[in-house]
Structures are given as structure tokens and as C-alpha cells.
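Residue strings, one per chain:
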Amino acid sequence: MKLELSRVVQGRGRLGVLKDLGKTGQHSLEVPGCLLHTHLGTVPHLTRDTLHTLSNLPSVTQVTLSNIAEHQDVLEEFRDGFRRFAGLHNTVLYCSLHDPATPCPTGYTTNKTVSVWGSGGRIELTVAKFMALQKTVQPDWYQSMADGETWQSGTSRKRVRKSVDRTLAHLDECLLVHQNSQELDGVEVFGVVEGGDILEERVRSGRETAKRPVAGFCLDGLQTGSMHQALRTQLITAVTKELPEDKPRLLHGVGRPDEVLACVEAGVDLFESFFPFQATERGCALCFAFDVSSDPELAGRAPPAVLELAEEKEASGETQQNGDSNPADQSQMTSFEIDLKDKRYKEDFRPLVEGCGCYCCVNHQRAYLHHLLVTNELLAGVLLMIHNAAHYHAFFGALREALANDKLDVLRRRVLGEGGVQTDRSQR
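What you are looking at is a predicted structure, and each value in this text was computed from that prediction instead of being measured.

Draft legend 1. Molecular detail of the environment of Gly154. Its location among the elements puts Gly154 in the loop between strand 10 (141-143) and helix 6 (157-179). The spatial distance from the C-alpha of Gly154 to the C-alpha of Asp197 is 8.7 Å, given a sequence separation of 43 residues.

Draft legend 2. Looking closely at the packing of helix 15 (residues 379-404) against helix 16 (residues 408-416). Here helix 15 crosses helix 16 at 150°, and the two axes come no closer than 8 Å. Considering their axes alone, helix 15 and helix 16 lie roughly antiparallel with respect to each other. Here helix 15 contributes Phe395, Ala398, Leu399, Ala402 and Leu403 to the contact with helix 16, which in turn contributes Leu408, Leu411 and Val415. Across the contact of helix 15 with helix 16, the residue classes break down as eight nonpolar, no polar and no charged.

Draft legend 3. Just a nonpolar patch on the surface, in detail. A cluster of nonpolar side chains, namely Val74, Phe78 and Phe85, defines an oily patch on the protein surface of about 250 Å² accessible area. Inspection of the secondary structure assignment puts Val74 in helix 3 (residues 72-78).

Draft legend 4. Here's a closer look at the packing of aromatic side chains. Applying the stated criterion across every chain, the model contains 16 aromatic pairs. Centre to centre, the rings of Tyr94 and Trp141 are 4.6 Å apart; their planes meet at 40°, and the pair counts as tilted. Residue Tyr94 is found in strand 7 (residues 92-96), and its partner Trp141 is found in strand 10; the two are separated by 47 residues along the sequence. Ring plane angle 45° and centroid distance 6.2 Å describe the contact between Tyr392 and Phe395, whose orientation is recorded as tilted. Of this pair, Tyr392 and Phe395 are both found in helix 15, three residues apart, which corresponds to roughly one turn of the helix. Taking relative accessible area as the criterion, Phe395 reaches 0% and is therefore assigned buried.

Draft legend 5. The sheet that holds strand 11 (residues 188-193), seen in detail. Taken together, nine strands build an open sheet; the order of strands is 4-14-13-12-11-10-7-6-5 and the sheet is parallel. Two strands in the sheet have a free side with no partner beyond their single neighbour: strand 4 (33-34) and strand 5 (36-37). Pairing of strand 7 with strand 10 involves two bridges; the strand directions are parallel. Each bridged residue has a counterpart across the sheet, and for Cys95 the counterpart in strand 10 is Tyr142. Contacts between helix 5 (residues 127-137) and the sheet are confined to strand 7 and strand 10, with strand 10 contributing the most and set at about 155° to the helix.

Draft legend 6. Region of the structure containing the side chain of Ser96. With respect to the element layout, Ser96 can be found in strand 7. The class for Ser96 is buried, based on a relative accessible area of 1%. Only 3.4 Å separates the side chain of Ser96 from the backbone oxygen of His98, close enough to count as a polar contact. In this structure Ser96 touches Gln62, Val63, Thr64, Leu65, Gln143 and His252, once residues within four positions along its chain are discounted.

Cut-off values and rules
Per chain, the residues get numbers from 1 upward, laid out in the order the sequence is written. Given that the model is predicted, a residue must reach a pLDDT of at least 70 before its local features are reported, and side-chain atom pairs must reach 80 or more before they are shown or counted; all residues, however, enter totals for whole chains, interfaces and linings. The basis for every side-chain value is the complete set of heavy atoms in the structure, and neither hydrogens nor water enter the calculation. Helix and strand labels come from DSSP, where a helix needs a run of H or I of at least four residues and a strand needs a run of E of at least two; each type is numbered from the N terminus. For helices, the axis comes from a line fit to the C-alpha atoms of the stretch in contact; other axes are also lines fit to C-alpha atoms, and the angle between any two N-to-C directions lies between 0 and 180 degrees. When describing relative orientation, an angle under 35 degrees is termed roughly parallel and one over 145 degrees roughly antiparallel, while 65 to 115 degrees is termed roughly perpendicular and anything else oblique. In this analysis, two residues are considered to be in contact whenever any of their non-hydrogen atoms come within 4.5 Å of each other. Gly counts as polar in this scheme, as do all residues outside two lists: the nonpolar Ala, Val, Leu, Ile, Met, Phe, Trp, Tyr, Cys and Pro, and the charged Asp, Glu, Lys and Arg. Like-charged residues are merged into a patch within 9 Å and nonpolar side chains (Val, Leu, Ile, Met, Phe, Trp, Tyr) within 5 Å, provided each residue has over 30% relative accessible area and no salt bridge. Reported accessibility uses the Shrake-Rupley method at a 1.4 Å probe radius. Residues are deemed covered only where the shown protein chains occlude them. When a carboxyl oxygen of Asp or Glu is within 4 Å of a side-chain nitrogen of Lys or Arg, the pair counts as a salt bridge. Only centres within 6.5 Å qualify two rings of Phe, Tyr or Trp (six-membered ring in Trp) as a pair; their planes then separate them into stacked at under 30 degrees, edge-to-face at over 60, and tilted for everything else. Under the scheme applied here, a residue whose accessible area is under 20% of the maximum for its type counts as buried, over 50% as exposed, and between as partly exposed, the area being computed with a 1.4 Å probe on protein chains only. Should DSSP find at least two bridges between two strands, the strands are taken to pair. Pairing of N or O atoms within 3.5 Å defines a polar contact, subject to two protein rules: one partner must be a possible hydrogen donor and the other a possible acceptor, and residues neighboring in sequence count only if both atoms are side-chain atoms.

Next up, the structure:
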């Protein structure tokens, strides 16, 4: 794994390519970028054939131990690794601890164990069991075992310090097993940076993790709902100063477009792409604008649908912002999407987003999606996931273009909605 940076904007925002990925080194991933979010190797709602109708898919597929751990016996019997078991082809496999789209109960971590939650309940992992799972999964890279239960505001300094100490101890044990394991030859390890919302502990965690022979870094405990973006930016900026420039930084649990932009400016390279799935589960379509060309028509993007929705709300006397009434609740609709279950779309014969080239927008209208949702048709999830995934991955393409052409401010205005339609959550 080799990170080649072509540009660093304002000393932090990084543009480049992550090369030599996978055991054969044949894959690459542009940064800033995102991973392909899956459930047991499958993008929710989509068959493999349907998925590959989308362009610009990430070359790295994310799977999680919270989904895989309960199938360890089956995978050990299979013996050929999770990639072949799930029928994955031509992709790099990254294995993380938790599913970012699913809340994880806290209070079950000890000095020697962490817990993951599968469909059958809690599974306790020691380092030995964690590493046995990695040998069974046979990923191309994986995050080290970590105590990530200090993301809630108000966690004591003592508990945060213990989290950092435990995570470093887990990393050392994982590296020892890894280095002596023939099954993990050629597999990369990402060290995990913890520290809650305490600056000194974040810096200590980053500095100490950087001393270990890891291929990259996972910034954990900064997920949406855990803190305001200003604090998140401050912590990330401080941590990245402790990390080497030539290794990637992956941020867990952040997927909202406004937060992605802020975190890229703070020095983050990679994100998880669970946000389109969450929007799909809400029956919502992503509709935020992100073109950075001087001519909006050239980019094929009309003004954001959320702007139209805000105007409709204002005309009807509604004062509440579209979504985001409680940012800590990730089941709540955000201001970057439209709720197609709403009756206002019953006779709306426009595509989800004007100019979008995805299968859903080319072939169907908002009214049809509204019908599918209110009648609980499974096709609703398929069509929404096609659009939401395509829209989200295109946003990352626009983000890289903006970094390359000094148009990050233009992109920010597009995403947030010109005219102040969307506001920072700290102002609500």
C-alpha cells in the first residue's frame, strides 16, 4: 500500500492516489474517497449485476466483524477466505470491527476483550479470537482491535485514557500475532486512534500509534452525533499533525456531505459509504447539489431539490428545517435528502434529481417511487439504493475535482445550499 499525494490544499486537504492495494498490488483508490459499504459482502438491496451498472465504484469493499463473527465456524470449514465465500471479484477487502450503519451498545468492553453485535446477539472477542477471525476472513487490510466506547460526550478523562491504553495494547498484541502468522502474509494493518473528545488523549493516541508498523490509521470515536463539527475538526487537525504524510487516514462513522467536506479539509483521506444506505432505509433520496463548474448546465445538475423543498415549506408556513431535528439520531432524515413517502410527491413526475444519469432517474419519477414506498414494494429499496449510491460516489468525484481546481469553497456552497437553505447544526 502506497499513498502518492499530488496536492495538499491549505496544508491539510489531501488529493492523491492510494496505490498497490491488495495482495497483488493491482488496485488503486483515489483520495479523498470512500469504501464500498456492504452487509456480508453485498451492498444492501442490490444484486451484484445491478451494482455493477453503477460507474466509479470504489475499489475497496468494506466488511465488518459484527456481521462475520457469528459465521466463523462456517468460514473455517470453507478455508478459502471470505472473498471467495461471498463471490467477490476484482476488489480489495477491508475488514473493520463494527458496522457504521448500526448502533452498537456500549458498556461491554474489558481490559482483554471487545464485543461485536451480530444477528444472534453479543459476541465477545479476545485478541486471539479477533486474530483467528482475520486469518479466516483473509482480508487485504483490517483495523486493529480497539476500545472505541468513549465517543459519548461526558465520558470521564480516566475512561478515555484507559481506552487509549487498551487500544495501544490491543494493537501491539495484534501486530505480534500478525507478524508470526503465515496466513496474514501480505495483509496490511491499520492502527486505531482513540481519545474521545479530549485533545491531549487524541494527540497521545495518534503519536503512539504512529510509532507502530501500521499501513494506515483509523480515526475512531468521532462519528456523527458524538460531537459538533467544530470540535471534530479541531481533534482531527491535531491528530493528523502526529501522523506520517505518506500513510492514509480513514475516518469511521462520518458520512454526511457537510461533515465529509469539513473532515477532508482537516486532513482525512477515506470515509465509509454507509450514508446512502441509511437514506434508503428512511425512504429518502439524496438530492444535494455538488457541481463545481461555472456553468451548472454543463455539469448536468439542476439547483438542489432540497432548495425547492425549503421554499415549499416556507410557503406553507412550516418553519422546521427539512430533517436534522436531532442530529445525534442517525435514523432521522437529514437536510441532504427528500422524503419520497411524503404525499407532495404523489403527482410529482420529475426524476429524483434533474440531470442525474442513474438508472432510477433516467427511467422513473418521484411519483413512482412514492407509490412503491407507500405500498411497501421491495423495488423501492432497489431503485433508491441505485440512485443514492450513484449520487454519493459522484459527490466524491466532485470533491476531488474541487481540490484539484481550487474550488472547495464553491463545492461547499453547492452542498450547503446557496442562499442559506441549509445551516450548520450548531446554529439550530
